[in-house]
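The chain contents come next:
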Amino acid sequence: ALVVKRVQPGEDFTLDLTGGGPGREYLLWRDGVLDRLPDGVGHAVVDAWLEGETTVVVMRDLGETVLTWEHHLSPRRAFWVVERLAALHRGFLGDPPSELAPLDLVLSLFAPARIRAVADEGNELMALACRGWEIFAETVPADVADPVLGLLDDVRPLADALGRAPVTLAHGDVATVNMAFEHDDLVLLDWAV
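Quantities reported herein were computed from a predicted structural model and do not represent experimental measurements.

1. Details of the nonpolar core
Across soluble globular proteins, you tend to see nonpolar side chains buried next to one another. In terms of nonpolar packing, the biggest core is built from 28 residues, with Leu186, Leu188 and Trp191 touching the most fellow members. At five residues, the largest contribution of residues to this core is made by helix H3 (residues 75-92). Non-local contacts of leucine 188, meaning those with residues more than four positions away in its chain, are made with Val41, Gly42, His43, Leu85, Leu88, His171, Asn178 and Met179.

So this is what it looks like as structure tokens:
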């Protein structure tokens, strides 16, 4: 069984807010990056292509092995996941793939100024994120909140500093819904960011 995912500009806020298409999962597959994943880390992509501005990704249906929002990882399983993510980071250290989302756009992906328009268009996740930033500003002491919110207004200094350090490949959305446990492999899904 296969799953077909279609990513279109204007319908995927992560794509829209990180520089546009084609979808990064397609680029990682096309360029053979997913074939370089270390032992213990897998992916589900079997094919991908472009149809105009639409990115089409075909994946193995991992069924029950895919986690949900309701899954809670035990400390042992969380350590298992972190071990595999660390192997991913070590595997690409100093040799990250090209054509990924620009770091400044990833760092500011959920910045209030960037997500407000998406929230106003009806995106519920972005509306919740905006409300979360409001609660943060109301709850956290100003000596902490102000610098954080200021950094979100201009992430370039942070992006520049990070860009001078060793770089690697990181999955931009490690959440239970983007992972499956298949034998002894952590299969990562949705390499969009």
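2. Some thoughts on the sheet that holds strand S5 (residues 179-182)
Read across the sheet, three strands follow the order S2-S6-S5 without closing on themselves; strand pairing throughout is mixed. The sheet is open, and its two borders are formed by strand S2 (41-42) and S5, each paired with just one other strand. Summarising the sheet, S5 and strand S6 (residues 185-188) pair through four bridges and their orientation is antiparallel. In the strand pairing of S6, methionine 179 is matched with leucine 188. On top of the sheet, H3 reaches S2, S5 and S6; it is set at about 70 degrees to S6, its chief contact.

3. Comments concerning the side chain of threonine 176
Note on placement: threonine 176 falls in the loop between helix H8 (156-163) and S5. Threonine 176 gets classed as buried once you look at its relative accessible area, which sits at 14%. Here threonine 68 takes part through its backbone oxygen, which lies 2.7 Å from a polar atom of the side chain of threonine 176. Sequence-distant contacts of threonine 176, that is, excluding residues within four places in its chain, are made with Leu67, Thr68, Trp69 and His71.

Rules behind the numbers
Residues numbered from 1 in each chain as written. Predicted model: local features only at pLDDT ≥ 70, side-chain atom pairs only at ≥ 80, totals over all residues. Heavy atoms only, no water. Core = buried A, V, L, I, M, F, W, Y, C linked by side-chain atoms within 4.5 Å. Buried < 20%, exposed > 50% of the residue type's maximum accessible area, 1.4 Å probe, protein only. Helix = DSSP H or I, 4+ residues; strand = E, 2+ residues; numbered from the N terminus. Contact = heavy atoms within 4.5 Å. Pairing = 2+ DSSP bridges. Axes fitted to C-alpha atoms, helices over the stretch in contact; angles between N-to-C directions. Polar contact = N/O pair within 3.5 Å; in protein donor to acceptor, adjacent residues only side chain to side chain.

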